Amino acid sequence: METKGTATVVKHTGSHYLLSELPVWNPFPAVIRGKVRLESSRATNPVAVGDVIEYNLPADGGDGMATISRILPRRNGIIRKSTNLSRESHIIAANIDKVFLITTMILPETKLEFVDRFLVCCEAYQVHPVILVNKTDLYDEPDLQAMLSHFIGIYRGAGYQVLEISVADGRGIDEVKDMCKDSICLFSGASGVGKSSLLKALDPSLNPKIGDISTSHLQGKHTTTFYEMHPLSCGGFVIDTPGIRGFGLVDIEDEELSTYFPEMLKITDNCRFKPCTHTHEPGCAVKQAVDDGLISPERYCSYLGMLQEETKYR
Ligand SMILES: Nc1nc2c(ncn2[C@@H]2O[C@H](COP(=O)(O)OP(=O)(O)OP(=O)(O)O)[C@@H](O)[C@H]2O)c(=O)[nH]1
Ligand SMILES: [Mg+2]
Ligand SMILES: [Zn+2]
């Protein structure tokens, strides 16, 4: 007799998966035999960490490995294009309660365009983002302080939650712990920003691999290479991910793009033309808000960049 069950994918390493019957932590291996695909998906990896799946487990012999037989409908999913030019998309994770975008002002420097693209994807896929600025122990110099307050001003101004933390001196760690409780969270950001270090700070009994910063490139070394979920002793689950380099936008139409900028969405009803691309149209409320200093020029600039790129690659 076969056993059947429902479990969550907690790790994905190429062809193999680890499953656990959350909220119980009992990881066991599984494979996919044949095709298990979500309808209408162009994804290169059809099953992602966080997916809730049905599995079969043979009672006698075989390799004793569970087989994933069905993916249950997703609540949400973080998807990105493998490369800018590619039509293929890649599902990073599914059924996420909260995404922490971990950023740093230096070692490495997080670019605003990167943050904006990431946030657009969160909005598009209906995942709640929280921005963490890590390594605040390093920002004593006045120009770094200025950079930090500029950064925080932009994203709080756009309506996002931004928290200053330091794994090195413990600042903000308890707040992050509280936010992780009773939920499935995902850590994302460039290599070297401290995703795995933060995980370890939240639960010292965990032992994720932690890298260092390359002295020549001042960037991380892509230490974490798998998508993996970890149970926190304080409650909740965190998915640690490999550092991401770039972030292509998937399937977002020009007219739709500004709806993923919350500060633009709020006032777009006031534009004279509907729909309005907020580029050349007279009577545009968004352009007016940029002129009036109510929308940050950096965010607007990122918006224009994304519009252009979408056109270029379509
Ligand atoms: N000064 C300082 N260094 C930190 C802090 N947090 C992490 N680091 C250092 O940053 C380096 C990279 O940390 P990781 O945790 O491996 O970074 P990651 O984001 O997981 O990187 P990838 O796995 O490559 O994506 C390590 O040398 C950490 O010790 C911090 O708050 N302050
Ligand atoms: Mg890591
Ligand atoms: Zn407009």
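Residues numbered from 1 in each chain as written. Chains lettered and ligands numbered in written order. Predicted model: local features only at pLDDT ≥ 70, side-chain atom pairs only at ≥ 80, totals over all residues.

## Quick notes on the overall build of the protein
No. 1: On a plain count of helices and strands, the protein comes out with eight helices and 13 strands.
No. 2: Split into buried and exposed, the 314 residues of the protein put 34% on the buried side.
No. 3: For the protein, restricting intrachain contacts to residue pairs at least 6 apart in sequence, the fraction spanning at least 24 positions comes to 63%. (Helix = DSSP H or I, 4+ residues; strand = E, 2+ residues; numbered from the N terminus. Buried ≥ 20, exposed ≤ 12 C-beta atoms within 10 Å, placed from the backbone. Contact = placed C-beta atoms within 7 Å.)

## Points about the site of ligand 1
No. 1: Around ligand 1, the surrounding shell holds 25 residues, and the nearest of these are Gly 194, Ser 196, Ser 197, Thr 224 and Gly 243.
No. 2: The class makeup of the residues in the shell around ligand 1 is seven nonpolar, 13 polar and five charged. (Near = placed C-beta within 6 Å. Nonpolar A, V, L, I, M, F, W, Y, C, P; charged D, E, K, R; others polar.)

## Here we look at the pairing of strand β9 (residues 129-133)
No. 1: β9 sits mainly inside the fold: four of its five residues count as buried.
No. 2: For strand β8 (residues 98-103) and β9, the ladder comprises five bridges, and the chain directions are parallel. Bridging across to β9, Phe 100 finds its partner in Val 130.
No. 3: Considered for its hand, the β-α-β crossover made up of β8, helix α1 (residues 112-124) and β9 is right-handed.
No. 4: Relative to strand β10 (residues 162-164), β9 runs parallel, the two being bridged by three bridges. In the strand pairing of β10, Leu 132 is matched with Leu 163.
No. 5: What joins β9 to β10 is helix α2 (residues 142-157), and the crossover it makes is right-handed. (Pairing = 2+ DSSP bridges. Right-handed = clockwise from strand over helix to strand, strands pointing away.)

## Details of the environment of Gly 50
No. 1: Note that Gly 50 resides in the loop between β3 (28-31) and β4 (52-57).
No. 2: For Gly 50 and Tyr 227, which are 177 residues apart along the polypeptide, the C-alpha to C-alpha distance reads 9.8 Å.

## As for unusual backbone geometry
No. 1: With omega at 0°, the peptide bond leading from Leu 107 into Pro 108 counts as cis.
No. 2: With respect to the helices, strands and loops of the structure, Pro 108 is situated in the loop between β8 and α1.
No. 3: Omega for the peptide link from Lys 274 to Pro 275 comes to 0°, which places this bond in the cis form.
No. 4: Among the structural elements, Pro 275 can be located in the loop between α6 (262-265) and α7 (285-291).
No. 5: The phi dihedral of Leu 107 falls on the positive side, at around 50°, and the residue is not glycine.

## Comments concerning the environment of Tyr 303
No. 1: Checked against the element boundaries, Tyr 303 lands in helix α8 (residues 297-313).
No. 2: Once residues within four sequence positions are removed from consideration, Tyr 303 is found in contact with Leu 257, Ser 258 and Phe 261.

## Examining α1
No. 1: Here α1 spans 18 Å end to end across 13 residues, near enough to the 18 Å set by a 1.5 Å rise per residue.
No. 2: Gln 126 occupies a position one or two residues after α1 and carries a positive phi of about 55°. (Expected span 1.5 Å × (residues − 1).)

## Considering the pairing of strand β12 (residues 227-231)
No. 1: With four of five residues buried, β12 is to be regarded as a mostly interior element.
No. 2: Where strand β1 (residues 3-13) meets β12, two bridges bridge the pair, whose relative direction is antiparallel. Its bridge partner lying in β12, His 12 is registered against Tyr 227.
No. 3: The turn joining β12 and strand β13 (residues 237-240), which pair antiparallel and follow one another in sequence, is formed by five residues; a positive phi near 100° is taken by Gly 235.

## Let's talk about the packing of helix α3 (residues 173-180) against helix α4 (residues 195-202)
Think of two packed helices as two axes; the pair is described by the angle between the axes and how far apart they sit.
No. 1: Taken N-terminus to C-terminus, the directions of α3 and α4 make an angle of 85°; their axes are 10 Å apart at the nearest point. In terms of orientation, α3 lies roughly perpendicular with respect to α4. Residue-level contacts link Ile 173, Val 176, Lys 177 and Cys 180 of α3 to Leu 198, Ala 201 and Leu 202 of α4.
No. 2: Here the contact of α3 with α4 is composed, by residue class, of six nonpolar, no polar and one charged. (Axes fitted to C-alpha atoms, helices over the stretch in contact; angles between N-to-C directions. Parallel < 35°, antiparallel > 145°, perpendicular 65-115°, else oblique.)

## A short note on the environment of Ser 20
No. 1: Its location among the elements puts Ser 20 in strand β2 (residues 16-20).
No. 2: Separated by 11 residues in the primary sequence, Ser 20 and Val 9 have C-alpha atoms spaced 6.6 Å apart.
No. 3: Contacts of Ser 20, omitting those with residues within four sequence positions, involve Ala 7, Thr 8, Val 10, Trp 25, Asn 26 and Pro 27.

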